Amino acid sequence: MSVRAVLGHAARHSAAGVASLKESPRDLLLIFVLKVLESYNYFSLSRILTLYLSEQFGISDMNAGSIFGVWGTLLTLYGIFLGSAIDWMGIKTSLIVCFMLNIGSRLVMACTTTPWLLLLTLLGPNTIAGSLGVPVMTISVKRYTTELNRGFAFSLFYTLMNVAALSQGLLLDVFRLTFKDGFHIGSLDSNHVLNNGTRLFVASGCITSIAGLVITFFLTEPVVATAERKSRPHEKIEDDSGADAALLLGDQGESFTSTPRVSINQPFSQRAADIWGSLRIICSSRGFLKFMVMCLLSVNVKSLFRHLDATLPKYQLREFGANVPIGAIYSINPAMIVLLQS
């Protein structure tokens, strides 16, 4: 098959996928925009974190790497423990909390010169914000789509994540090389956020988070479509909270009994029982176990990428000089993914 034929087939496939999304609600488009903004927040911090810790706070390579590892681990652990809180708060409220925490934490991290305050903010509110964003948006895409267009929607979801990774890499070089001294305000110290390009890059997450917060207010809380429920008669879905567990983790022929939606008006003992019931449903499902096996099989590949996030920037600077475009080099990978995914 010729290259022209392959490109033609890819173009027709993409056009058909885009056309299939026309029946989806406007909220799906908003989620795609939010995905770009939140992905920018993650990648912009992940790419600069070890450099930021060492250059701005004098933290050693070993300790900076350890902090990077703790940060990544907590992103996962917070995501596990906050799963029921997401169900309790709902999609919209969870995203509002996510972006509000991001705004505050990124501002503190960009402005502070105190290491303990930086670490407290990084491993506390900033990591909680990160663990709220992606899982909520993933559930949202599933809720705002149908079985016919869900595959393409998730493909686009992943592509947009890489668009954000690409853009932050290019912006990183702008802030570090072109705008490295910030606004040159004479009355301010060189370590001040306004006179430091790296700190301004960290603070740029505030801008994307403010935009995300504003957009989130236009979202409507998604519900499970009636057609979706009818197409899965083996799932005993009583309400939206049970639907998340069943639709995300269910196997054909496997039955789920959902728990009532956790309500703030319920007694604490009842809320705890409902949360425990939801956890038992998820952990006992074959779909969840299969998912965990796949995670274990792919975790080494994921670890390599995270290892490069922590070590490659410093390696490039020390081997090729302070003016090496570390962001542009990083952007090659997401650029290839976007190109091949299209």
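About the cut-offs
Residues numbered from 1 in each chain as written. Predicted model: local features only at pLDDT ≥ 70, side-chain atom pairs only at ≥ 80, totals over all residues. Heavy atoms only, no water. Helix = DSSP H or I, 4+ residues; strand = E, 2+ residues; numbered from the N terminus. Buried < 20%, exposed > 50% of the residue type's maximum accessible area, 1.4 Å probe, protein only. Contact = heavy atoms within 4.5 Å. Areas by Shrake-Rupley, 256 points an atom, 1.4 Å probe, with all protein chains shown as cover. Axes fitted to C-alpha atoms, helices over the stretch in contact; angles between N-to-C directions. Parallel < 35°, antiparallel > 145°, perpendicular 65-115°, else oblique. Left-handed = near helix turned anticlockwise from the far one by under 90°. Nonpolar A, V, L, I, M, F, W, Y, C, P; charged D, E, K, R; others polar. pLDDT = per-residue confidence, 0-100. Polar contact = N/O pair within 3.5 Å; in protein donor to acceptor, adjacent residues only side chain to side chain. Salt bridge = Lys/Arg side-chain N within 4 Å of Asp/Glu carboxyl O. Phe/Tyr/Trp six-rings, centres within 6.5 Å; stacked < 30°, edge-to-face > 60°. Expected span 1.5 Å × (residues − 1). Bend = angle between axes of the 7 residues up to and from the residue. Lys, Arg positive; Asp, Glu negative; His and termini not counted.

Peer 1: Lay out the overall build of the protein chain with the relevant residues and their values.
Peer 2: A tally of helices and strands in the protein chain yields 13 helices and two strands. Burial analysis of the protein chain (342 residues in total) assigns 46% to the buried set. Taking the intrachain contacts of the protein chain between residues at least 6 apart in sequence as the baseline, contacts between residues at least 24 apart amount to 71%. For the protein chain, the exposed area adds up to about 17600 Å²; of that, 70% sits on carbon and sulfur atoms.

Peer 1: Tell me about the packing of helix H5 (residues 91-111) against helix H6 (residues 115-144), and please be specific about residues and values.
Peer 2: Packing of H5 against H6 leaves a shortest axis separation of 8 Å and a crossing angle of 150 degrees. Put simply, H5 runs roughly antiparallel to H6. Judged by the sense of rotation from one axis to the other, the crossing of H5 with H6 is left-handed. Tallied by class, the residues present in the contact of H5 with H6 amount to 18 nonpolar, seven polar and one charged.

Peer 1: Would you mind going over the confidence of the model for the protein chain in detail, with residue names and values included?
Peer 2: Confidence along the protein chain averages 83 in pLDDT terms, with 82% of residues attaining 70 or more. Here residues 225-262 scores under 50 on pLDDT; set against residues more than four positions off or in separate chains, the count is 91 contacts.

Peer 1: Lay out the side chain of Asn195 with the relevant residues and their values.
Peer 2: Within the secondary structure, Asn195 sits in the loop between helix H7 (150-178) and helix H8 (197-216). Among the polar contacts listed, one links the side chain of Asn195 to the backbone nitrogen of His184, at a separation of 3.3 Å. Those residues within four positions of Asn195 in sequence are excluded, and the remaining contacts are Lys180, Asp181, Gly182, Phe183, His184, Ile185, Leu188, Asp189 and Ser190.

Peer 1: Describe the pattern of salt bridges, with residues and values.
Peer 2: Counted under the stated rule, the structure contains five salt bridges. Here Arg26 ties to Asp27 by a salt bridge, and the two come within 4.0 Å at their closest N and O atoms. On the accessibility criterion, Asp27 (6% relative accessible area) is buried. Taking the shortest distance from any N to any O, the salt bridge between Asp61 and Lys314 comes out at 2.7 Å. Taken together, the residues Asp61 in helix H3 (residues 61-81) and Lys314 in helix H12 (residues 286-320) connect sequence positions 253 residues apart. The class of Asp61 is partly exposed, set by a relative accessible area of 40%.

Peer 1: Would you mind going over the packing of H5 against H8 in detail, with residue names and values included?
Peer 2: It is at 8 Å that the axes of H5 and H8 come closest, and there the two elements cross at 160 degrees. On the basis of their axis angle, the class for H5 and H8 is roughly antiparallel. Helix-helix and strand crossings are classified by hand; for H5 and H8 the assignment is left-handed. Of the residues in H8, those in contact with Lys92, Leu95, Ile96, Phe99, Met100, Asn102, Ile103, Arg106, Leu107, Met109, Ala110 and Cys111 of H5 are Arg199, Phe201, Val202, Ala203, Gly205, Cys206, Ser209, Ile210, Gly212, Leu213 and Thr216.

Peer 1: Can you tell me about the packing of aromatic side chains, naming the residues and giving the values?
Peer 2: Using the criterion set out here, one finds 10 aromatic pairs in the structure. Arranged with centres 5.2 Å apart and planes meeting at 90 degrees, the rings of Phe179 and Phe183 form a pair that is edge-to-face. Exposure remark for Phe179: the relative accessible area of 28% places this residue in the partly exposed category. On the basis of relative accessibility, which here comes to 48%, the residue Phe183 falls in the partly exposed class. Linked through ring pairs, Tyr40, Phe175, Phe179, Phe183 and Phe201 together constitute an aromatic cluster.

Peer 1: Before we move on, could you go through the environment of Tyr315 and cite the residues and values that matter?
Peer 2: Relative to the helices and strands, Tyr315 is located in helix H12. Sequence separation between Tyr315 and Ile326 is 11 residues, and the spatial gap between their C-alpha atoms is 9.8 Å.

Peer 1: Mind laying out H6, listing which residues take part and the relevant values?
Peer 2: The end-to-end C-alpha separation of H6 is 42 Å, in line with the 44 Å expected for 30 residues at 1.5 Å each. The axis of H6 is deflected most strongly, by about 35 degrees, at Thr127.

Peer 1: Any details on unusual backbone geometry? Residues and values, ideally.
Peer 2: In this structure, His184 takes a positive phi of about 55 degrees despite not being glycine. The topology assignment puts His184 in the loop between H7 and H8.

Peer 1: Could you give an account of the side chain of Asp173, naming the residues involved and the relevant values?
Peer 2: Relative to the elements of secondary structure, Asp173 occurs in helix H7. Arg176 provides the closest opposite charge to the buried, salt-bridge-free Asp173, at an N-O distance of 5.3 Å. Here the side chain of Asp173 touches Ala328 through a polar contact of 2.7 Å, landing on its backbone nitrogen. Residues contacting Asp173, with those up to four places away along its chain left out, are Thr178, Pro325, Ile326, Gly327 and Ala328.

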